[in-house]
Structures are given as structure tokens and as C-alpha cells.
Amino acid sequence: MERESRVYRSPRRDSAAAHTRRAILQAAQTLLRDRPGELTVGAIAGQAGVSRLSVYHHFGSRAGVLAAVAEAARASDRSGGSDLRSFMAEAVAHWATDPPLYRRLPGTADIQEQPRELAARLAADDRLRPGCSLKEAEDVIAVLTSFASFDRLHQDGRRSTAAVTEILMRMTGSILNPPT
């Protein structure tokens, strides 16, 4: 006779699990930023104030924690931007929140879906220069809104986020029709 597995759920338990998960992610972000050489499951657990077993329970491995940190960065990148300037400004503002973290985060999550959507809107509004394909526009937008582009231009505050946005907007001239 096979025993049925029961899942016991309670709002308090779910809340505590969510709190532990957030603490682990925050600890991993702090270690990535401040002490990347010490990023072990034990160090993450110590920083979060939880057991190593909790880290493994929530994320499976150190790689699982890093993947979750990257996904959290991706999720915060999806906030929008209905036009090119606001999209660029949002990307720059996001990357400016914590450059040391993004520099050390493996596979830093650059904005993926939105360049495609934005390029399609620009094409529909006849704003792409003649000969510029949808794929070219998508690629240029993705490159310009990447962390690597931001980091190169910002250089820990050498330029303001507004100045970085302006430079990136000038660079979009390669795909846009000139203003009329």
C-alpha cells in the first residue's frame, strides 16, 4: 500500500519561507558585490543568518542561487518603456542601482524581450531608417541597453545617468530615421 504524500501549507510558513528566500538572495548579492571570492554556500548562509541546508532547500546549489540572483535582475529589467528614450533611461537607471553587483554577476541579465517589442513598435511607426531590418534594430537596442554599454559609459559616476542616456540616444541614430 502506497502512502499519500501530504503538503502542509500555512500562511505563516509560506511567509517565513519567502522571507528566508529573500534573505538568501540579498546575502548572495552582498557577497557578489563586496567579497566575490568568498561566494560559497556557507558564506551565503552565514550572511543570510540561515543554515546551509536552507540555502540548498531553496536553491539546490550555489549555481541555483546565482541563477536566482540573475533572474531577479532580469525581472526588474522588464518594467517597460513605451518609447526609446524612456526605455534607455530605465535601463540606465536600473544598471546604476548597483554596478559592482552587475559587474560580478555571471551572465548579467541584459534586457532580452523588450528590444524586440520596441523595435517592432519603431518599425510600425515608420521610425526605422530605410534599410534597417527589424533584427538590426533589435540588436542595436539590446547592445545599447546592456550593462556592458552602461558600465563603459558611466564608469562609476564619471558620467551622470542623464549623460549616459543622451550618449546612448545619439547612438540610436544608426537605426532611426532622422527627425523631421
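As the structure is a computational prediction, the values presented were derived from the model and not from experiment. (Residues numbered from 1 in each chain as written. Predicted model: local features only at pLDDT ≥ 70, side-chain atom pairs only at ≥ 80, totals over all residues. Heavy atoms only, no water.)

**Q** Looking at this structure, I do not really get helix α9 (residues 147-154). What am I missing?
**A** Given 3.6 residues per helical turn, the α-helix brings residues three or four places apart onto the same face. Across the 8 residues of α9, 6 count as buried, placing the element largely inside the fold. Within α9, burial applies to Phe147, Ser149, Phe150, Asp151, Leu153 and His154. Taken together, the buried residues of α9 touch α5 (84-96), α6 (99-104), α8 (134-144) and α10 (161-171). Count one or two residues on from α9 and you reach Gln155, which has phi positive near 45°. (Buried < 20%, exposed > 50% of the residue type's maximum accessible area, 1.4 Å probe, protein only. Helix = DSSP H or I, 4+ residues; strand = E, 2+ residues; numbered from the N terminus. Contact = heavy atoms within 4.5 Å.)

**Q** Looking at this structure, how should I read the packing of aromatic side chains?
**A** One pair of aromatic rings is described through two measures. These are the centre distance and the angle between the planes. Under the defined criterion, the tally for this structure stands at 2 aromatic pairs. Summarising the aromatic geometry, the rings of Trp95 and Phe147 are spaced 5.3 Å apart at their centres and angled 65° between planes, so their arrangement reads as edge-to-face. In this pair, Trp95 sits in helix α5 while Phe147 sits in helix α9, placing the two residues 52 residues apart along the sequence. The pair Trp95 / Phe147 is uniform in exposure class, with both members buried. With a centroid separation of 6.1 Å and an interplanar angle of 45°, the aromatic rings of Phe147 and Phe150 are classed as tilted. With Phe147 and Phe150 both in helix α9 and 3 residues apart, the pair spans about one turn of that helix. Residue classification places Phe147 among the buried positions, given a relative accessible area of 6%. Classification of Phe150 as buried rests on a relative accessible area of 1%. (Phe/Tyr/Trp six-rings, centres within 6.5 Å; stacked < 30°, edge-to-face > 60°.)

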